[in-house]
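What the coordinates show
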Amino acid sequence: MSGQLLISLLSPSIGALFFAAFYLLWRNQPKLNYSLSAALGFLLSAAGFIVQDILPAWPYELHRIASNFGFLAGVCAFMAAPLQRRHIPIPVRSIILLIIATMTALFWFLTIQPNLAARIAIMSVSLVVPVAVTLILLLRVSDQRYSDRLILGVVWFTLLLSMLRPVVAFLLPQSFGNYTALEQSTYWGMVHFSYVMMSVTLAIVLFVAIALDLIDELHHQATTDSLSGLLNRRGFESAANSALTVSNPKRQFKALMIADLDHFKSINDSFGHAAGDQVIKSIARHIQVIAGDTAICGRIGGEEFAILLPDHDETMAADIAESIRRDFDSLTTISIGLVISEQPATLSSLLGVADKALYAAKKNGRNQVFILHHSLEDQEA
Ligand SMILES: Nc1nc2c(ncn2[C@@H]2O[C@H](COP(=O)(O)OP(=O)(O)OP(=O)(O)O)[C@@H](O)[C@H]2O)c(=O)[nH]1
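Residues numbered from 1 in each chain as written. Predicted model: local features only at pLDDT ≥ 70, side-chain atom pairs only at ≥ 80, totals over all residues. Heavy atoms only, no water.

As annotated in an unreviewed UniProt entry, the protein chain is diguanylate cyclase from Pseudohongiella spirulinae. According to UniProt, the comment filed for the protein chain under the heading Cofactor (unreviewed entry) is "Mg(2+)". (UniProt positions renumbered as here; feature names shortened; annotations may be inferred.)

**Regarding helix H3 (residues 60-85)**
In this model, H3 (26 residues) spans 38 Å end to end at C-alpha, consistent with the 38 Å of a helix rising 1.5 Å per residue. Burial within H3 is extensive, with 21 of its 26 residues counted as buried. Downstream of H3 by a residue or two, His87 has a phi angle that is positive, lying close to 55°. (Helix = DSSP H or I, 4+ residues; strand = E, 2+ residues; numbered from the N terminus. Expected span 1.5 Å × (residues − 1). Buried < 20%, exposed > 50% of the residue type's maximum accessible area, 1.4 Å probe, protein only.)

**A few points about the domain arrangement of the protein chain**
In terms of domains, the protein chain is made up of domain 1 (3-223) and domain 2 (233-380). The C-alpha centroid of domain 2 is placed 54 Å from the C-alpha centroid of domain 1. (Domains from an automatic or database assignment.)

**Quick notes on a nonpolar patch on the surface**
On the surface, Ile50, Ile54 and Leu55 cluster together to form a nonpolar patch covering roughly 220 Å² of accessible area. Along the chain, Leu55 turns up in the loop between helix H2 (33-54) and H3. (Patch = residues over 30% accessible without salt bridge, like charges linked within 9 Å, V, L, I, M, F, W, Y side chains within 5 Å. Areas by Shrake-Rupley, 256 points an atom, 1.4 Å probe, with all protein chains shown as cover. Salt bridge = Lys/Arg side-chain N within 4 Å of Asp/Glu carboxyl O.)

**A closer look at unusual backbone geometry**
Residues apart from glycine generally show negative phi values, whereas peptide bonds are mostly found in trans. Of note, the phi angle at His263 is positive, near 45°, even though the residue is not glycine. Mapped onto the fold, His263 is located in the loop between strand E1 (254-261) and helix H10 (264-271). For Asn367, which is not a glycine, the phi torsion comes out positive at approximately 50°. Its location among the elements puts Asn367 in the loop between helix H13 (347-363) and strand E5 (369-373).

**Details of the sheet that holds E1**
In space, the five strands of this open sheet follow the order E2-E3-E1-E4-E5, with mixed pairing throughout. Only two strands of the sheet have a single neighbouring strand rather than two, namely strand E2 (296-301) and E5. Ignoring strand direction, the axes of neighbouring strands in this sheet form an average angle of 20°. In terms of strand pairing, E1 meets strand E3 (residues 304-309) through six bridges, oriented antiparallel. (Pairing = 2+ DSSP bridges. Axes fitted to C-alpha atoms, helices over the stretch in contact; angles between N-to-C directions.)

**Some points on the site of the ligand**
The local shell around the ligand holds 17 residues, among which His263, Phe264, Asn268, Asp277 and Arg299 are the closest. In the environment of the ligand, a nitrogen atom lies 2.8 Å from a nitrogen or oxygen atom belonging to the side chain of Asn268. Between the ligand and Arg366 there is a distance of 2.9 Å, counted from an oxygen atom to a side-chain nitrogen or oxygen. Here the ligand, which alone exposes 660 Å², has 66% of that area covered by the protein. Every element with two or more residues in the shell around the ligand is listed here: E1, H10 and helix H11 (273-291). It is H11 that contributes the most residues to the shell around the ligand, four residues altogether. Grouping the amino acids of the shell around the ligand by side-chain chemistry returns four nonpolar, five polar and eight charged. (Near = heavy atom within 4 Å. Polar contact = N/O pair within 3.5 Å; in protein donor to acceptor, adjacent residues only side chain to side chain. Nonpolar A, V, L, I, M, F, W, Y, C, P; charged D, E, K, R; others polar.)

**Examining helix H9 (residues 233-245)**
For H9, spanning 13 residues, the distance from its first C-alpha to its last is 18 Å, which sits close to the expected 18 Å at 1.5 Å a residue. On the buried face of H9, the contacting elements are helix H8 (186-223), E1, E2, E3 and H13. Its side-chain oxygen at 3.2 Å from the backbone nitrogen of Arg234, Asn232 defines the N-terminal cap of H9. (Contact = heavy atoms within 4.5 Å.)

**Here's the deal with the UniProt feature "transmembrane region" (unreviewed entry) in the protein chain**
In the numbering adopted here, UniProt assigns the feature "transmembrane region" (unreviewed entry) to residues 6-26, 38-59, 65-83, 90-110, 116-138, 150-172 and 192-212. With 90% helix and 0% strand, the stretch residues 90-110 has end C-alpha atoms that lie 31 Å from each other. Here residues 116-138 runs as 100% helix and 0% strand, with 34 Å between its end C-alpha atoms.

**Structural notes on the environment of Asn241**
As for its position among the elements, Asn241 is in helix H9. The sequence separation of Asn241 and Leu347 amounts to 106 residues, and the corresponding C-alpha distance is 6.3 Å.

**A few points about the side chain of Asp213**
Along the chain, Asp213 turns up in helix H8. Once you skip the residues sitting within four places of it in the chain, Asp213 turns out to touch Tyr34, Arg85, Arg145 and Ser147.

See below:
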């Protein structure tokens, strides 16, 4: 086996390995559809290298068209992966048009007016287009997470590499007079080098992004209540503790309420558990709408909901509590215990006082808001 052949095997081998890895990942986690696009990208470009470097070049035109199709379609599939990951629509029609136009132009410069330099120029431009478009679409995403910034870095890197290739092709003194000269040129070495660099970095960054996405999802599942869609007790405590520790001099007031459905057991008994679940869902939506985006809302027990309003004074908080109680139109009513604090207070002491207020609301006949003020003794208790 010649050294040249071994080097030629490097790119398709890397492509095949990563194809297998991303394909297996997708088989295991079908909702990671961008993993399938990455797998397709590795498969198509590996096939392009096999056709170009290993298979016999016959018939010559078909061989060239097939290998370049593999490279271009492969890059398009690679670039589809980060777009799918952020649910950005893939411009499929433009991709098909680009591939058809490129293949037609290649065919022209292969058969009608043979010109190797023109073919290199066409491929260089065509390979830059999907990368540049992907970069523009990804830069438009407003909430860039850490994993998004990593992927943006790889797309920038791919763009630079794909722009460097034509520079090497046309600025360095070398000859493409015949096909053997091309295969031994710095340009063709650069094609292999940039493919290996791009595929290894893309694969590593996509694996990291997949890991971070799964960690985010696990964290979401661990902190969210699946029935109501609100935070669960653990998620509420974590978010509320963070909000209470933010030192903001404007946040002089803190209000926390616990809302509890009245006689909920009788709803389950009379209308069934499923009807009870619907009431829980509708009160969760109701609370979220009335309390607004700044409130931290959680389902902290079966039919018990906590709402932290980090910078609301007594009037504002009491208005919200009263709206939640009054405007809830369902099979049952709500009792609310509200605590107001004007000094720094821990979550557990606020919850303790809100619980006492709720107990008073229930004891006084239910379907009402009962307000208590948080004192220094409560904090020390
Ligand atoms: N449908 C449904 N019921 C639940 C869920 N979680 C808890 N419950 C029910 O909520 C009821 C709570 O009953 P209690 O603690 O006696 O309270 P209550 O009947 O609302 O009475 P008061 O709070 O005193 O007005 C129990 O019957 C639980 O089975 C849930 O996720 N879905």
